[in-house]
Amino acid sequence: MDAGDPAGDPAGEPAAGDTAGDPAGGRDPLLFLQTLQTLWSTRELGQLREEAQRGFATLEDPLAALLDMLDSSRGWRGKGPSLEAWVARELKRCLQAQLCPGPARGSPGLKQLQARAVKLLAESPPGLVEPLVSIFQLQDADRSPLLAHVHRLHQEGKFKEAIVLGAKLRLQADLDVEKMCIPLLLQDKADLVERYVDGFPDLQRRLLALMDSWCQPGFDIRVVARRYPQTTLRLERLSPRALGRQVLRLLEQHGLDPDLCPNVVTQQRLAALRYLCYKRLVERSVSRESWAEHVQSLAGQDQWLQEQLLQLLASHDDAALVAQCALDLLLPEERLPASVAAELRQLRIQERTAEAPLEDGKDDYYQLPIPREHLHFLASWEDLARHQEELLQPGQVVGMDLEWRPSFGAGGRPRASLMQVAVEGRVFLLDLPRLSSPAGGQAPQAFFRLVSRLLTDPSITKLGYGLAGDLRSLGASCPALAQAEKQLRGSVDLLQVHRQMRAADRPAPGVDGAAGPRGLSLLVQQVLGKPLDKMQQLSNWDRRPLCEGQLVYAAADAYCLLEVYWALCREPARFHLSGDLARSLRLGRGERVGPGELPPLQKALTSPQQVPAGEDAAPEVPARAFRVVCDSMLQGLARRLRCLGIDVLVLATGEDHRRAAEVARQEGRVILTSGLPYHKLRAQVGAGRCLSVDCSLKARQQATAVIRHFNVRVTHSDIFSRCQACNCHQYLKVSKDVMKQLVWLSGHPEGPSGTGDEAAQIKDERETGSAPEEAPGGCTYEPSCRWLEEEDLQSRVPATLGDGTRLQLSGVPAGVLRRPGLRHFYCCTGCGKVFWEGSHLGRVAENFREVLEGVPGSHEPSRAPSPASSPS
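Now for a description of the structure that goes with this document.

Reading the values: rules and limits
Sequence order sets the numbering: in each chain, residues are counted from 1 along the sequence as written. Totals for whole chains, interfaces and linings use every residue, but because this is a predicted model, local features are given only for residues with pLDDT of at least 70 and side-chain atom pairs only at 80 or more, for both listing and counting. Excluding hydrogens and water, the side-chain values take into account all heavy atoms of the structure. We count a stretch as a helix when DSSP gives it H or I for four or more residues in a row; a strand needs E for two or more, and each element gets its number in order from the N terminus. Accessible area is worked out with a 1.4 Å probe on protein chains only. A residue is then buried under 20% of its type maximum, exposed over 50%, and partly exposed in between. Using a 1.4 Å probe, accessible areas were evaluated by the Shrake-Rupley method; residue-level cover was limited to the displayed protein chains. A pair of Phe, Tyr and Trp rings is counted when the ring centres sit within 6.5 Å of each other, with Trp represented by its six-membered ring. The angle between the planes then sorts it: under 30 degrees is stacked, over 60 is edge-to-face, the rest tilted. The salt bridge definition used is simple: a Lys or Arg side-chain nitrogen within 4 Å of an Asp or Glu carboxyl oxygen. Put simply, buried Ala, Val, Leu, Ile, Met, Phe, Trp, Tyr and Cys residues joined by side-chain atoms within 4.5 Å make one nonpolar core. The contact rule is simple, with two residues in contact once any of their heavy atoms fall within 4.5 Å. In this tally Asp and Glu are treated as negative and Lys and Arg as positive; neither His nor the chain ends contributes. What qualifies as a polar contact is a pair of N or O atoms within 3.5 Å, subject to a donor-acceptor requirement within protein and to the restriction that residues adjacent in sequence count only when both atoms come from side chains. We call two strands paired when DSSP finds no fewer than two bridges between them. The convention used is that axes are lines fitted to C-alpha atoms, helices contributing only their stretch in contact, and that angles between N-to-C directions extend from 0 to 180 degrees. A patch consists of residues exposed above 30% relative accessible area that lack any salt bridge, with like charges linked at up to 9 Å and nonpolar side chains (Val, Leu, Ile, Met, Phe, Trp, Tyr) linked at up to 5 Å. Taken as the charge location is NZ of Lys, CZ of Arg, CG of Asp or CD of Glu. We call a crossover right-handed when, viewed with the strands running away from us, the connection from the first strand over the helix to the second turns clockwise.

### Re the overall build of the chain
Right, so step 1: A count of helical and extended segments in the chain gives 37 helices and 18 strands.
Right, so step 2: Going through the 872 residues of the chain one by one, you find that 51% of them count as buried.
Right, so step 3: For the chain, the exposed surface amounts to about 40400 Å²; the carbon and sulfur share of it is 50%.

The following block contains the structure:
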């Protein structure tokens, strides 16, 4: 119900009189209001609207009449719905539909009305502000009283209302952007802030400078947060990494100079240096030349970054390899650890290289099975014409891939440098810089026609690994192919197939998914027995001519897709693929696609076959007895595991990963990590107590994989037995009447917000803070926790528990309090978050149906046991 819907007893009735009014001089607005009052009290909304439209037509000046109504009544000044607010919104609608005349912009009469409206604005609730601004065109009125009203809202802690009104009145240039935006950023309302500065380049720059200042080393956001003690803040979303991503996105979106944000740029470069050091010193999967080139371009002459680089190098144990890196970067010997400096001197004397050990294991990697002369580098329209027939052979299967120079998160989609197309027995390497320029030339036209025909021919099965992303990069590099992803017909994304294989949680024998390769390289190892050699992956693909190693690497990246596809066709059951999937895979190799038939794998992938637990299966563990600790990159996984009743601790952003091992040993927890520190952590806690989580999977898939890996028994009664936000397992039950009282006392009205936005209200009522009404199997959410007692409350205003936990009452939508049949609410004693019965339980039960149905006794209707009795 909107703030102006007919409900309640509006105050301030007008004086009685002739309701017909005076036709000659226009209807008396107060008598008109009295007529509407009768219909308002009977809740006859249809008749009320018809009478209002007739009345507006008979009023001599509808705008002045509205102000007279507001001056004569005080009903709209309180909380809750009012007839006057409804009339204002209805008049706004009629003016927009031109059902009654409005004033001319800038007319003297309008200016007088604006002055009256501004005086009322200071007392207006949010639901009346928006129609007043629109009806009286207040964005063109005297700015001083408008600014005063915005400042008053801000001082009262109504930060959202202040920034929304400031934007509606176009007052941004006269308001302090930092003052207006800081509290909204602290509340994780960045979308409002972005809309506020939209169209104001100077404000956009100042906002980005502010956000960048929060990313400087050593900055503590809690210092800023202390200025807003009465506001519910979400500081976990304001880590330097999260802020950095927002800043980079906004820089690209607004086309601003990255030099505006030196802290974010430095943070980004440091992250890239860490990544490169890991690739070179731990994985040893990048060549010396590529590594040195990238590191020098990132660190440059920045003394702070150079110091960080030295610390990164000094933290690794392989002194010989670090010395080789120092030699490639020409680092001064006096700034290196003594052991590295000694190795460096030996390298200079003996002129030896550390690259040889990296080259020794070539036989351990996938080898391109075709002769070198069957690799064709195409750089002109003549090259394309010569091989067009081979590339566009109907009914064949082709592997497609792209290469580009690494940008290390510099923003935007990278510009592709090379496109690989593999057919049986041959690989074609298309030189994109040469073939895509000059625009309108013969080569770009020929390239566009060939690629378009290849993508749109449904008889040619296109293989890729993350094919959609590659096509978006192709479109960004070649504007003529901007719609390439939409044009694609007849494709198989082996990334999706790989996810089905990983969901079965049965990697190929001898494959360590965390310690070994990832992505396509892992798929190649699991299917063909050897991983891809990724040594050239981070090389400079813009360089011409490409070196021999780059050409062979690029060809192997595309040709391996064909070999994986054929192997899956031959032995689908070995990789836990379903019968339907196996049939569609087989179709691609030896059979032609007939008229009207779908090409291979055009149907949606089915779920992997269930793998029965073998003799070596892990012993079953109840969900509430299973305890884990996650790193900060697995927030989504943590929430879903908590949703299933599992005890999950999450490391704080920036917290050392060694803390995970310490917690795991002290509290008997299993470590879940996003990958990079896996080796060190596993060594500290032992086999079976540390799992590397595949970050390419969605959080729900990750949770399913963890449950299967550790054989966790999850029942319906486990769902929502633990708070997703803070991990607490103790709740208090609150009756609807008590909740209404607490909400009202906190200053959040039971009634509607008064914005008139019914869609927003409906959305509020479906917030995921709700617990479910009924789940499959007849299970309802009704934990046997005890009722909230008066002695549990330290204070009612604000509603605070005895331990100081403040109840998060602002998260309870007004519509939920009026929902028929809703009996009570649940409050988490750890963080104060409020839950209620809704549809969320059914969704969670459906999302995890496989693991719920796959355990004994999970189908019987059950009641959630008391959170107080849950294992800790």
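### Overview of unusual backbone geometry
Right, so step 1: Of note, the bond from S437 into P438 is cis; its omega dihedral lies within 30 degrees of zero at 0°.
Right, so step 2: The residue P438 is located in the loop between α21 (432-435) and α22 (442-456) in this model.
Right, so step 3: Across the junction of V797 and P798, the peptide omega takes the value -10°, indicating a cis bond.
Right, so step 4: Mapping P798 onto the fold places it in the loop between β15 (793-796) and β16 (799-801).
Right, so step 5: Even without being a glycine, L330 presents a positive backbone phi close to 60°.
Right, so step 6: Position of L330 among the secondary structure elements: in the loop between α17 (319-329) and α18 (338-350).
Right, so step 7: Residue L330 is classed as exposed on the basis of its relative accessible area, which comes to 71%.
Right, so step 8: With a phi close to 80°, N727 is a non-glycine residue in the positive phi region.
Right, so step 9: Turning to its location among the elements, N727 is positioned in the loop between β12 (712-713) and β13 (731-735).

### Quick look at the packing of aromatic side chains
For any pair of aromatic rings, the description rests on two quantities: the centre-to-centre distance and the angle between the ring planes.
Right, so step 1: What the rule picks out here adds up to 7 aromatic pairs.
Right, so step 2: The interplanar angle of 40° and the centroid separation of 5.3 Å between the aromatic rings of F626 and F710 together place this pair among those described as tilted. Placement of F626 in the loop between β7 (621-622) and β8 (627-630) and of F710 in the loop between α32 (699-709) and β12 is noted, with a sequence separation of 84 residues between them.
Right, so step 3: Consider the rings of Y731 and F835, whose centres lie 5.9 Å apart with planes at 85°: the pair is edge-to-face. Taken as a pair, Y731 in strand β13 and F835 in strand β18 (residues 834-838) lie far apart in primary sequence, 104 residues in all. Residue Y731 shares its accessibility class with F835, and that shared class is buried.

### Remarks on the pattern of salt bridges
Right, so step 1: A full pass over the atoms with the stated rule returns 33 salt bridges.
Right, so step 2: Of the charged contacts in the structure, one is a salt bridge between R284 and D318, with a shortest N-O distance of 2.3 Å. Remark: D318 occurs in the loop between α16 (303-314) and α17 and R284 occurs in the loop between α14 (262-283) and α15 (288-299); sequence separation between them is 34 residues.
Right, so step 3: Overall, the relative accessible area of 30% leaves R284 in the partly exposed class.
Right, so step 4: The class for D318 is partly exposed, based on a relative accessible area of 29%.
Right, so step 5: Residues E293 and R543 are paired through a salt bridge, measuring 3.2 Å at the closest nitrogen-oxygen approach. Taken together, the residues span a long stretch of sequence, with E293 in helix α15 and R543 in the loop between α26 (519-528) and α27 (548-570) at a distance of 250 residues.
Right, so step 6: The partly exposed category is assigned to E293, whose relative accessible area is 25%.
Right, so step 7: Take R543: its relative accessible area is 34%, and that puts it in the partly exposed class.

### Observations regarding the nonpolar core
Right, so step 1: Ranked by size, the top nonpolar core spans 81 residues in total, and within it F56, L66, F136, L138 and W214 carry the most contacts.
Right, so step 2: A per-element tally of this core places helix α4 (residues 83-96) first, with 8 residues.
Right, so step 3: Not counting residues up to four positions away in its chain, the partners in contact with F136 are L63, L66, L67, L110, L113, Q114 and A117.
Right, so step 4: Judged by nonpolar contacts, the second largest core, of 41 residues, contains V492, L523, A567 and L568.

### Quick look at the side chain of K462
Right, so step 1: Along the chain, the position of K462 falls in strand β5 (residues 461-464).
Right, so step 2: No salt bridge is formed by the buried K462; the nearest opposite charge belongs to D457, separated by 5.9 Å.
Right, so step 3: Here the side chain of K462 touches L455 through a polar contact of 3.4 Å, landing on its backbone oxygen.
Right, so step 4: Polar side-chain contacts of K462 include one of 2.7 Å to the backbone oxygen of D457.
Right, so step 5: When neighbours within four sequence positions are excluded, K462 is seen to be in contact with V398, M400, L454, L455, D457, L467, L488, R489, G490, S491 and V492.

### Let's talk about the sheet that holds β5
Right, so step 1: Spatially, β1-β4-β3-β2-β5-β6 is the arrangement adopted by the 6 strands of the open sheet, whose pairing is mixed. Each end of this open sheet is capped by a strand with a single partner; those strands are β1 (375-378) and β6 (491-493). Between one strand and the next, the sheet's axes are offset by a mean angle of 25°, whatever the strand orientation.
Right, so step 2: With 4 bridges connecting them, β1 and strand β4 (residues 426-431) associate as parallel partners. Bridge pairing in β4 places L375 opposite V427.
Right, so step 3: Where helix α20 (residues 381-391) meets the sheet, its contacts fall on β1, β3 (416-423) and β4, and the angle it forms with β1 comes to roughly 135°.
Right, so step 4: Sitting on the sheet, α27 touches β1, β2 (397-404), β3, β4, β5 and β6, and the angle it makes with β2 is about 145°.

### Notes on a positive patch on the surface
Right, so step 1: There is a patch of like positive charges on the surface, built from R639, R640, K698 and R700.
Right, so step 2: Of note, K698 is situated in the loop between β11 (690-692) and α32.

### Structural notes on the pairing of β8
Right, so step 1: Bridge count between β8 and strand β9 (residues 647-650): 4 bridges; the pairing is parallel. Note that in β9 the partner of V628 across the bridge is V648.
Right, so step 2: In this fold, β8 hands off to helix α29 (residues 635-643), which returns the chain to β9; that crossover is right-handed.
Right, so step 3: Bridge count for β8 against strand β10 (residues 670-673) is 3 bridges, and the pairing is parallel. From the neighbouring strand, V629 faces β10, where its bridge partner is I671.

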